[in-house]
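Below, each chain spelled out in residue letters.
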Amino acid sequence: MILMASAVGAEQGSETSDPTSETELVILGGGAGRTSYGGDPTGGFSAAVVVGEDRYIVDFGRGWQERYYEAGLGNERAHTGFSGLEGLKAGFVTHLHSDHIIDLPRLLLFGSTEGLRKRTDPVVIVGPASRGDLPPLASNLEREERLVSPENPTPGIKSTVEQIFAAYASDLNDNIRDSGMPHPDTYIEVREIALPEGTPGPDVSVAPEMAPFEIYRDENISVSAILVDHAPMYPSYALRFETPDGVIVFSGDTNMNPNLVEIARDADILVLEVISTDWANNLFPEPRSSADIAKLHHLLESHTPVEEVGQVAAQANVGRLVLSHLAPATVPDEEWLAGVSGFEGEVLVGRPLLRLGLSEANNP
């Protein structure tokens, strides 16, 4: 196994891209969870797949847009404040936990100013549909708290975007009537992922075993999805990007399960979430309340411990493993790498501005 730490920031040497590759992975944020870790610069999970002049975003974690520009993915006029995102072709949301969409409103609200209105076709946002029911109450919780938005408690990506627009209607309508900006639905197209016919409904214990299915295709890439285990969040997807130079797979949030291995099969790069079990256990010292027990159960059962990530990569026969969605972001890279075993390929820690060209991934 080849281990490589990756520092935060291009100025610190995190850029490892092959400049001859037409297809590139760029990590825009690497942290996990509903927290800023006291201002840690790792940000929330987000990544870009770059194919020539086109950009595709996977998840919209905290700070993705700053890193997008810092990585040079905006156009040459981005510094004017009235340009920059023209090359963004599509965005993908693996699931609807807030740390994966907290900065999606930035795209929806700033997009017109930053060039999206200049595109000849809208940016496509692809994400989960509503689960169709409520997640179950954790068995160890003593009582149920009041629900948020009980009339629509598990909105899908379309409803989520519509509600963001509604929440910011004062700003958007002012921009339309005062500055002549278009309605955002002219430059944003939202698509919900339709599960294959016959797929079982929500099962909080195990995602049904299935084959990957296509959710997006254009002249550059095809993207397929598969359900993964991130109970009780459902649906939750891993995504596979087939590009002209090879394959990049994003695990989304998940534990180790057969669907994850299936969609990652023979990928050139697997971007895999990771959690420190020591950190999780230490968050909730004994004696634990019922809420502590419920949260600890979710952390340990719905994520991939660092001790298991090497097994996933080896079983899937991937070329390179990038650890990201780091829980917590504050664990040093050396500690993450020391916890990986059972995989003979190269392992990197996916902090912001890590870049990896696919031609490089195919020839490590």
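In this report, we go over the structure that sits alongside the text. Keep in mind it's a predicted model, so treat the numbers as computed, not measured.

1. Observations regarding the overall build of the protein
Link 1 in the chain: Assigned secondary structure in the protein consists of 10 helices and 15 strands.
Link 2 in the chain: Taken against the 2.2 N^0.38 rule, which gives 21 Å for 364 residues, the C-alpha radius of gyration of the protein at 20 Å falls within 12% of a compact globule.
Link 3 in the chain: Principal-axis analysis of the C-alpha atoms places the extent of the protein at approximately 60 × 50 × 45 Å.
Link 4 in the chain: Burial analysis of the protein (364 residues in total) assigns 55% to the buried set.
Link 5 in the chain: For the protein, contacts bridging at least 24 residues in sequence account for 70% of all contacts bridging at least 6.
Link 6 in the chain: Working note: accessible area of the protein is about 15500 Å², and carbon and sulfur atoms make up 50% of it.

2. Digging into the packing of aromatic side chains
Link 1 in the chain: Inspection of the entire model under this criterion finds eight aromatic pairs.
Link 2 in the chain: A ring pair is formed by Phe 60 and Trp 64, whose centres lie 5.4 Å apart and whose planes are at 80 degrees; its orientation type is edge-to-face.
Link 3 in the chain: Of the residues examined, Phe 60 reaches a relative accessible area of 0% and is grouped as buried.
Link 4 in the chain: For the pair Trp 64 and Tyr 68, a centre-to-centre distance of 5.8 Å together with 85 degrees between the ring planes defines the contact as edge-to-face. With a gap of four residues between them, Trp 64 and Tyr 68 both fall in helix 1 (residues 64–70), about one helical turn apart.
Link 5 in the chain: An aromatic cluster is defined as three or more aromatic residues linked by ring pairs; in this entry it consists of Tyr 56, Phe 92, Tyr 216, Phe 241 and Phe 250.

3. Quick notes on the pairing of strand 12 (residues 269–275)
Link 1 in the chain: In terms of residue burial, strand 12 counts as a mostly covered element, since seven of its seven residues are buried.
Link 2 in the chain: Burial along strand 12 is two-sided: Ile 269, Val 271, Glu 273 and Ile 275 facing one way and Leu 270, Leu 272 and Val 274 facing the other are all buried.
Link 3 in the chain: The sheet contact formed by strand 11 (residues 246–250) and strand 12 spans three bridges and is parallel. Following the sheet pairing, Val 249 is matched in strand 12 by Leu 270.

4. Considerations on the sheet that holds strand 12
Two modes of strand pairing occur in sheets, parallel and antiparallel, and in both the strands are linked by backbone hydrogen bonds.
Link 1 in the chain: Taken together, eight strands build an open sheet; the order of strands is 1-14-13-12-11-10-9-8 and the sheet is mixed. Only two strands of the sheet have a single neighbouring strand rather than two, namely strand 1 (2–4) and strand 8 (213–217). Across the sheet, the axes of successive neighbouring strands diverge by a mean angle of 25 degrees, strand direction being ignored.
Link 2 in the chain: Taken together, the four bridges between strand 13 (residues 320–327) and strand 14 (residues 346–349) define a ladder with parallel strand orientation. Among the inter-strand pairings, Val 322 is bridged to a residue of strand 14, identified as Leu 348.

5. Considering the sheet that holds strand 3 (residues 46–51)
Link 1 in the chain: The strand order across the open sheet formed by seven strands is 7-6-5-4-3-2-15, and the pairing between neighbours is mixed. Unpaired on one side and paired on the other, strand 7 (188–192) and strand 15 (355–357) mark the two borders of the sheet. Neighbour to neighbour, the strand axes of the sheet diverge by 20 degrees on average, direction disregarded.

6. A word on the side chain of Arg 131
Link 1 in the chain: By secondary structure assignment, the location of Arg 131 is in the loop between strand 6 (123–127) and helix 3 (157–167).
Link 2 in the chain: Residue classification places Arg 131 among the buried residues on the basis of a relative accessible area of 11%.
Link 3 in the chain: A polar side-chain atom of Arg 131 sits 2.6 Å from a polar atom in the side chain of Asp 133.
Link 4 in the chain: Within polar-contact distance, the side chain of Arg 131 engages the backbone oxygen of Pro 232 at 2.6 Å.

7. Looking at the nonpolar core
Link 1 in the chain: If you look at the biggest cluster of nonpolar residues, it comprises 64 residues, and the most contacted ones within it are Phe 92, Ile 215, Tyr 216, Phe 241 and Phe 250.
Link 2 in the chain: Setting aside its immediate chain neighbours within four residues, Phe 92 contacts Tyr 56, Ile 57, Val 58, Asp 59, Phe 60, Val 126, Ile 215, Tyr 216, Val 223, Leu 239 and Phe 241.
Link 3 in the chain: Counting residues in each nonpolar core, the second largest holds 31 residues, with Ala 71, Leu 73, Val 123 and Ile 188 among its members.

Reading guide: rules and limits
- Residues numbered from 1 in each chain as written.
- Predicted model: local features only at pLDDT ≥ 70, side-chain atom pairs only at ≥ 80, totals over all residues.
- Heavy atoms only, no water.
- Helix = DSSP H or I, 4+ residues; strand = E, 2+ residues; numbered from the N terminus.
- Rg over C-alpha atoms; globule rule 2.2 N^0.38 Å.
- Buried < 20%, exposed > 50% of the residue type's maximum accessible area, 1.4 Å probe, protein only.
- Contact = heavy atoms within 4.5 Å.
- Areas by Shrake-Rupley, 256 points an atom, 1.4 Å probe, with all protein chains shown as cover.
- Phe/Tyr/Trp six-rings, centres within 6.5 Å; stacked < 30°, edge-to-face > 60°.
- Pairing = 2+ DSSP bridges.
- Axes fitted to C-alpha atoms, helices over the stretch in contact; angles between N-to-C directions.
- Polar contact = N/O pair within 3.5 Å; in protein donor to acceptor, adjacent residues only side chain to side chain.
- Core = buried A, V, L, I, M, F, W, Y, C linked by side-chain atoms within 4.5 Å.

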